[in-house]
Amino acid sequence: MCTFQPTKVSLFTRLNLAQNQTSMASHFQSILLFVVLNILLIQPYNLNPCYAQIISNPIQKVDLTLYYETLCPYCSYFIAHHLVTLFTDDLISMVNLRLVPWGNSLLLPSGYFQCQHGSGECMLNTVEACAINVYPDTNKHYFLIQCIERLVYEKREAEWQNCFAQVSIDPQPIFDCYNQGLGRRLELQYAYETSQLNPPHAYVPWVLVNNQPLYEDYQNVIAYVCRAYQGTQVPAACKTSSSQFMPDSIGDDKADYSMSKKACYAGIHQNVTSFVPTEILQQNREVFT
């Protein structure tokens, strides 16, 4: 997996990065996120290697990044039923999988979050950000997140804590991450990363393969991964996938295709409330009971 190496980035340089958004709303979000990140003294990081601008790696793995939000039904279905194929078909060995739980959320001037599907989504975004941080092994955090997202798709998200026992993961480090403020800082980091996507995301799930967006074709992610793989030992699942579907080259023309509404679009918010992660068990009772 990608390892983040801190680099010294000047205030002037990072401010210029934040000014690259074309729309006024994105511009405001970028500047606000930039200021908050500096106030909270988050360690500087290079935006190139491990975020939206991902470089190739010497072991020829394919970089697969998913930008999502936890209560979007299309995201939950994609995580629970599509990404799992990477593991069941033994494709994960050739993939660097990154999950970025922020999606269409907003950072308000007050410092509070505003999530597309309400406070429960803000809370679970933070929980999953903590899971990724506390358990960096993809095989650990993915299956916890997959369990939670399966419950979300089944409209049983209030039962999310049952997933710790189901995947044999200790919840306490995740609770500590959430309660001690690390979860909020991780979410701010993911928010800034999402704001720097080029082209900007229009909806979630927003899937990148080797830094190229799949747009509406995200459900064919396995075929794109197989095509992007440059290794010599091609898994059997890729041979089957390639015979069933051969995607065209990924390009900007994909943006013009119809999504058939199989996505949660940016700018459309439901159950709008302001939220900031504080104490996980108390907030869980407030948002899910």
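For every chain, the first residue of the written sequence is number 1, and numbering continues from 1 along that sequence. A pLDDT threshold of at least 70 governs which residues receive local features in this predicted model, and a stricter bar of 80 or more applies before side-chain atom pairs are shown or counted, although totals over entire chains, interfaces and linings include all residues. Note: side-chain values were computed over all heavy atoms of the structure, leaving out hydrogens and water.

Visitor: Is there a simple way to think about the pattern of salt bridges in this case?
Guide: When their charged atoms lie close together, side chains carrying opposite charge are able to pair. Within this document, salt bridges are pairs made up of a side-chain nitrogen of Lys or Arg and a carboxyl oxygen of Asp or Glu, the two lying within 4 Å of each other. Scanning the entire structure with this criterion turns up four salt bridges. When the shortest N-O distance is used, the salt bridge between Arg156 and Glu154 registers 2.6 Å. Exposure classes here rest on a 1.4 Å probe applied to the protein chains alone. A residue is buried below 20% of its type maximum, exposed above 50%, and partly exposed in between. On the accessibility criterion, Glu154 (37% relative accessible area) is partly exposed. With a closest N to O distance of 2.9 Å, Arg156 and Glu159 form a salt bridge. Assessed through its relative accessible area of 34%, Arg156 is described here as partly exposed.

Visitor: Before we go on, may I ask you to explain the packing of aromatic side chains in this structure?
Guide: Two numbers describe a pair of aromatic rings. These are the distance of the centres and the angle of the planes. Classification of ring pairs uses Phe, Tyr and Trp, with its six-membered ring standing for Trp, and accepts pairs whose centres are within 6.5 Å; under 30 degrees between planes counts as stacked, over 60 as edge-to-face, and the remaining range as tilted. This model, assessed by the stated rule, comprises 11 aromatic pairs. Measuring from centroid to centroid gives 4.5 Å for Phe87 and Tyr142, while their planes differ by 15 degrees, and the two rings are stacked. In this pair, Phe87 sits in helix H5 (residues 85-88) while Tyr142 sits in helix H7 (residues 138-153), placing the two residues 55 residues apart along the sequence. As far as the burial class goes, Phe87 and Tyr142 line up, both buried. Pairing Trp160 with Phe164 gives two aromatic rings, centres 5.9 Å apart and planes at 70 degrees, and the pair type is edge-to-face. For the residue pair Trp160 and Phe164, the accessibility class agrees, reading buried in each case. Taken together, Tyr203, Trp206, Tyr215 and Tyr265 form an aromatic cluster joined through their ring pairs. Only DSSP runs of H or I reaching four residues or more are called helices, and only runs of E reaching two or more are called strands; each is numbered from the N terminus.

Visitor: Just to check I follow, could you spell out helix H10 (residues 182-195) for this structure?
Guide: Multiplying 1.5 Å by the helix residue count minus one yields the expected span of that helix. Taking 1.5 Å of rise per residue, the 14 residues of H10 would be expected to cover 20 Å, and the 20 Å separating its terminal C-alpha atoms lies within 8% of that figure. By the criterion of burial, H10 is predominantly enclosed, with 12 of the 14 residues buried. Those residues of H10 not exposed but buried are Gly183, Arg184, Leu186, Glu187, Leu188, Gln189, Tyr190, Ala191, Tyr192, Glu193, Thr194 and Ser195.

Visitor: Is there a simple way to think about the state of the cysteines in this case?
Guide: Two cysteine sulfur atoms make up a disulfide if the distance between them is within 2.5 Å. Inspection of every chain in the model, using the stated rule, returns five disulfides. Each disulfide pairs two cysteine sulfurs, and for Cys130 the partner residue is Cys177, the sulfurs being separated by 2.1 Å. Because the sign of the S-S torsion sets the handedness, a value of about -80 degrees for the bond joining Cys130 and Cys177 places this disulfide among the left-handed ones. Of this pair, Cys130 sits in helix H6 (residues 119-134) while Cys177 sits in helix H9 (residues 172-179), and the two are 47 residues apart along the sequence. Each of the two residues, Cys130 as well as Cys177, counts as buried. Bridging Cys147 to Cys163, the disulfide has an S-S length of 2.1 Å. On the S-S bond that ties Cys147 to Cys163, the torsion sits near -80 degrees, and the link is left-handed. Of this pair, Cys147 sits in helix H7 while Cys163 sits in helix H8 (residues 162-166), placing them 16 residues apart in sequence. Of the two residues examined, Cys147 and Cys163, each falls in the buried class. With no disulfide of its own, Cys75 has Cys72 as its nearest cysteine by sulfur position, at a separation of 3.6 Å.

Visitor: Honestly, the pairing of strand S2 (residues 95-101) in this entry has me stumped. Any pointers?
Guide: Along any regular strand, the residues point their side chains to alternate faces of the sheet. The buried fraction of S2 is high, at seven of seven residues. Neither face of S2 is exposed, since Val95, Leu97, Leu99 and Pro101 on one face and Asn96, Arg98 and Val100 on the opposite face are all buried. By this definition, two strands are paired if DSSP reports at least two bridges between them. Note that strand S1 (residues 62-68) and S2 share seven bridges and pair parallel. Residue pairing in the sheet places Leu66 in a bridge with Leu99 of S2.

Visitor: I keep staring at the packing of H6 against H10 and nothing clicks. Help me out?
Guide: In helix packing, the relevant descriptors are the interaxial angle and the interaxial distance, both defined with respect to the helix axes. A fitted line through C-alpha atoms serves as each axis, taken over the contacting stretch for helices, and the angle formed by two N-to-C directions is quoted from 0 to 180°. Direction vectors running N to C along H6 and H10 enclose 95 degrees, while the axes themselves pass 9 Å from each other. By the criterion of interaxial angle, the relationship of H6 to H10 is roughly perpendicular. Contacts from Asn125, Thr126, Ala129, Cys130, Ile132 and Asn133 in H6 reach Leu182, Gly183, Arg184, Leu186, Glu187 and Tyr190 in H10. Our angle categories are set so that under 35 degrees counts as roughly parallel, over 145 as roughly antiparallel, 65 to 115 as roughly perpendicular, and the remainder as oblique. By the convention used here, residues are in contact when the closest approach between their heavy atoms is within 4.5 Å.

Visitor: In this structure, what is going on with the confidence of the model for the chain? I would like to understand it.
Guide: In low-pLDDT segments, the atomic positions of the prediction should not be examined closely. pLDDT is a per-residue confidence score from the predictor, ranging from 0 to 100. Across the chain, the average pLDDT comes to 81, with 72% of residues at 70 or higher. In this model, residues 248-259 is a region of pLDDT below 50 whose contacts with residues beyond four sequence positions or in other chains number 22 contacts.

Visitor: Mind showing me how you'd approach unusual backbone geometry here?
Guide: Where the residue is not glycine, phi is negative for most of them; where a peptide bond is considered, it is trans in most cases. At the junction of Asn198 and Pro199, the peptide bond is cis and its omega measures out at 5 degrees in the coordinates. Along the chain, Pro199 falls in the loop between H10 and strand S5 (203-204). A cis amide bond links Val204 with the next residue in sequence, Pro205, at an omega value of 5 degrees. As for its placement among the helices and strands, Pro205 is situated in the loop between S5 and strand S6 (206-209). For Ser168, which is not glycine, the phi dihedral falls at a positive 60 degrees. By the element assignment, Ser168 lies in the loop between H8 and H9.

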